[in-house]
Amino acid sequence: MKELSYLALASIIGTCAYADTVRAVADGDWESESTWENGSTPSSASNPVVVIESNIEVNLTSGATINGFGNWGDNSILNVSMEESRLTSWINSNYNFSGNAQINITDGAQFVYANNNAQNQVFALLGGSNSASFNVTNSTLSEGLGWGASAGFLIGGENTNIKVNLVNSVWNSYDLSTSTQYNAAKSLISIQATGSGSASLSMINSQRKALDNASSVNISIENNTSASNSLLIAGNSLLETCHLTIGGNGGSGKAVLQFGAYNGNGTFHAAQGGSLEMISDWSTLKINEGAVIKILADESNLLSPQANLQENAFIRLANGNNNSDYGPQGRVLYLNGEFVFDMKEVDASSLEKGETYLISLIYANHWDDEINFDNVSFDVINNENSYFGDFKILFTENTLALSFAYVPEPKTFAAMFGALAAAFAFYRRRNVSPFFAKRQNFAPKKITSACFYRASRRVLSGWSLQVPCPCASSPQKFSSRFPSFCRAFLPCLRQSKTFPLGLCAFPRQNQAPSQLDGRVFCLP
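Source: prediction; values computed, not measured. (Residues numbered from 1 in each chain as written. Predicted model: local features only at pLDDT ≥ 70, side-chain atom pairs only at ≥ 80, totals over all residues. Heavy atoms only, no water.)

**Comments concerning the overall build of the protein**
- Looking only at helices and strands, the protein has 6 helices and 43 strands in total.
- Within the protein, counting contacts between residues at least 6 apart in sequence, those at least 24 apart form 79% of the total.
- Of the accessible surface of the protein, which amounts to about 22000 Å², a share of 45% is contributed by carbon and sulfur atoms. (Helix = DSSP H or I, 4+ residues; strand = E, 2+ residues; numbered from the N terminus. Contact = heavy atoms within 4.5 Å. Areas by Shrake-Rupley, 256 points an atom, 1.4 Å probe, with all protein chains shown as cover.)

So this is what it looks like as structure tokens:
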């Protein structure tokens, strides 16, 4: 079934009628009659659809089977806890959570979204106007399947906000006939809020493994309209899939794949290499327009030049059939969008000054011949207490990686180098401002380090730089072909309080010169 059909299918499913709707109208236990309207508990109904009204909290500590959820009220909460607890919900409706509604699966409990039909059905968590959440902690989330069945997991609706969080948990498949658990076989995870909504799936120290390399386990992160959709992988997590598509839906929103994340308590968890494994011989990776790949790194992600980049890549397409009638399989098809490296969590105390380090991004047996690395922009958020510079993007041994040097300096110089690093990232963007093109040919002039510092502060607050070769008689365009820029610049700065450097600030893309209020300048 095509990915675009899932929303339509979910909409059709949502129109089904149900015989028994049970409403929780008071705080209490699932099996307590006082919790439910007219004393009608879910277990007493033949075909129960559960609705929890606003500001009501219900606790389930045993097994239960329901026919789906209705529209929940604001601040409604369902807690499923204890190891023997299993809540099975047949996939028969969309799940609309208003306000800050929550489902919490904790303490070894299991939540099963089940489909016993041969056709595919979709468990759709649409969310509400505020941030609703579906939380699985130290527990199990399962797609319950009958013979020949498959199940989709859709996160997000139109103008709704929903977060799905897995912490120290397992996401697997569950055989409804034998009550046994196994790795995922046939499913689609689609993160696709639309309108002005947002949807996210976060996995921290959690596992979702595929059954084998013939499985059909697909993931889609969409950038519909202006919505924000994201998949976050952190800690000792492993997400196995066969096909991954990020962005490419034509909207102005962002489709974000992030490695490394903060949990609800603000504790940072770095991701590990191989967090996202694409295991099928036919796997495909599509990073389209609107995609953002964000790396929140710490020192554990920094590799030496001698390290195995293939094994430590965050995304790995390790399989592939090179003899297929359709050409090489298991490959990267599209590479667009933006890569962002956030270095704020790196503890540099164990790093060696001047040494080169790498962050391994994507390894694939095969890369499509049409891929153009210039279609990708790279931005770096530096560590305020130390400086990483001399950034280069490497493609070696079928692996895409970031290379950089650790150069700790006083804060003033660090800020200046940070501006230069930003210049490298901005220069790699595909389109150059027409106004910038007019200002390329300027004569180098002497400027003071203080003046340069003021300029760099302005750049860091939203400007970009065009920097010529330092200590040169004529300006040269700064590009990735001049990797020794920072090393050449530092001695020049140390020799004198003034130095020959032409510096020209220009607007970012889509910012007309008329909007700059005369602030476009070439220094001095």
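**Focus: the side chain of Asn104**
- For Asn104, the location among the structural elements is in strand E9 (residues 102-106).
- By relative accessible area, which is 13% here, Asn104 ends up buried.
- In terms of polar contacts, Asn104 uses its side chain to reach the side chain of Gln102, at 3.2 Å.
- Residues within four places of Asn104 in sequence aside, it is in contact with Ile77, Leu78, Asn79, Val80 and Asn135. (Buried < 20%, exposed > 50% of the residue type's maximum accessible area, 1.4 Å probe, protein only. Polar contact = N/O pair within 3.5 Å; in protein donor to acceptor, adjacent residues only side chain to side chain.)

**Quick look at the pairing of strand E37 (residues 388-396)**
- Judged from the 7 bridges that link them, E37 and strand E38 (residues 399-406) form a sheet pairing that is antiparallel. Bridge pairing in E38 links Phe388 to Tyr406.
- The turn linking E37 back onto E38 is made up of 2 residues, and Glu397 within it adopts a positive phi angle of 50°. (Pairing = 2+ DSSP bridges.)

**Considering the sheet that holds strand E30 (residues 291-296)**
- Taken together, the 12 strands give an open sheet; going across it, the order is E2-E4-E6-E9-E12-E15-E19-E22-E25-E30-E33-E36, and neighbouring strands pair in parallel fashion. The outermost strands of the open sheet, each flanked by one partner alone, are strand E2 (28-29) and strand E36 (377-381).
- Here 2 bridges tie E2 to strand E4 (residues 57-60), and the two strands are oriented parallel to one another. By the bridge assignment, Gly28 is partnered in E4 with Val58.

**Quick word on the pattern of salt bridges**
- This structure, assessed with the given rule, holds 5 salt bridges.
- A salt bridge links Arg208 to Glu143; its shortest N-O distance comes to 3.5 Å. Note that Arg208 is positioned in strand E20 (residues 207-208) and Glu143 in strand E13 (residues 140-145), a separation of 65 residues in sequence.
- One salt bridge connects Arg316 with Glu277, and the closest N-O pair in it is separated by 2.7 Å. Within this pair, whereas Arg316 is found in strand E31 (residues 315-317), its partner Glu277 is found in strand E28 (residues 276-278), the two being separated by 39 residues in sequence.
- With relative accessibility at 16%, the residue Glu277 sits in the buried group. (Salt bridge = Lys/Arg side-chain N within 4 Å of Asp/Glu carboxyl O.)

**Notes on the environment of Val217**
- Position of Val217 among the secondary structure elements: in strand E21 (residues 216-221).
- Residues Val217 and Ile279 lie 62 residues apart in sequence; the distance between their C-alpha atoms is 9.7 Å.
- What Val217 contacts, discounting residues up to four positions off in sequence, is Ala184, Ala185, Ser187, Arg208, Ala210, Glu240, Thr241, Cys242 and His243.

**Digging into the pairing of strand E10 (residues 110-115)**
- Among the 6 residues that make up E10, 6 are buried, leaving the element largely enclosed by the rest of the structure.
- Burial along E10 is two-sided: the face carrying Gln110, Val112 and Ala114 and the face carrying Phe111, Tyr113 and Asn115 are both buried.
- One ladder, built from 5 bridges, connects strand E7 (residues 86-90) with E10; its direction is parallel. Within the sheet, the bridge partner assigned to Leu87 lies in E10 and is Phe111.
- With 6 bridges connecting them, E10 and E13 associate as parallel partners. Bridge pairing in E13 places Val112 opposite Ser142.

**Concerning the nonpolar core**
- With 95 residues, the main nonpolar core has Leu257, Phe339 and Ile362 as its most contacted residues.
- Among residues more than four places away in sequence, those in contact with Leu257 are Ile221, Leu231, Ile233, Leu244, Ile246, Leu276, Val292, Ile293, Lys294 and Ile315.
- By size, the runner-up hydrophobic cluster in this structure holds 5 residues, among which are Ala184, Ala210, Val217 and Ile279. (Core = buried A, V, L, I, M, F, W, Y, C linked by side-chain atoms within 4.5 Å.)

**Points about the packing of aromatic side chains**
- Under the counting rule described, the total for this entry stands at 19 aromatic pairs.
- Between Phe153 and Trp171, the aromatic rings sit 4.9 Å apart at their centres with planes inclined by 70°, giving edge-to-face as the arrangement. Note that Phe153 is positioned in strand E14 (residues 151-155) and Trp171 in strand E16 (residues 170-175), a separation of 18 residues in sequence.
- The rings of Phe69, Trp72, Phe111, Tyr113, Phe123, Phe134, Phe153 and Trp171 are connected pair by pair, giving a single aromatic cluster.
- One residue, Arg208, lies across the ring of Trp171, its end atom 4.5 Å from the ring centre. (Phe/Tyr/Trp six-rings, centres within 6.5 Å; stacked < 30°, edge-to-face > 60°. Lys NZ or Arg CZ within 6 Å of the ring centre and 35° of its normal.)

**Overview of unusual backbone geometry**
- Located in the positive-phi region is Asn75, a residue other than glycine, with phi close to 60°.
- With respect to the helices and strands, Asn75 occurs in the loop between strand E5 (64-66) and strand E6 (77-80).
- On the basis of relative accessibility, which here comes to 36%, the residue Asn75 falls in the partly exposed class.
- The phi dihedral of Asn138 is positive, around 55°, even though this residue is not glycine.
- Mapped onto the fold, Asn138 is located in the loop between strand E12 (131-137) and E13.

**Points about the confidence of the model for the protein**
- For the protein, per-residue confidence averages 76 on the pLDDT scale, and 71% of positions sit at 70 or higher.
- Summarising per-element confidence for the protein, the mean pLDDT is lowest in helix H4 (residues 434-438) (27) and highest in E2 (98).
- Scored below 50 in pLDDT, residues 1-18 makes 31 contacts in the model with residues more than four places away or belonging to other chains.
- Below a pLDDT of 50 lies the segment residues 410-524, which in the model reaches 182 contacts outside its immediate sequence neighbourhood of four places, other chains included. (pLDDT = per-residue confidence, 0-100.)

**Some remarks on the environment of Val340**
- Tracing the sequence through the fold places Val340 in strand E33 (residues 338-342).
- Sequence separation between Val340 and Ile381 is 41 residues; the distance between their C-alpha atoms is 7.6 Å.
- Filtering out sequence-adjacent residues up to four positions away, Val340 remains in contact with Val292, Ile293, Lys294, Ile295, Asp379 and Ile381.

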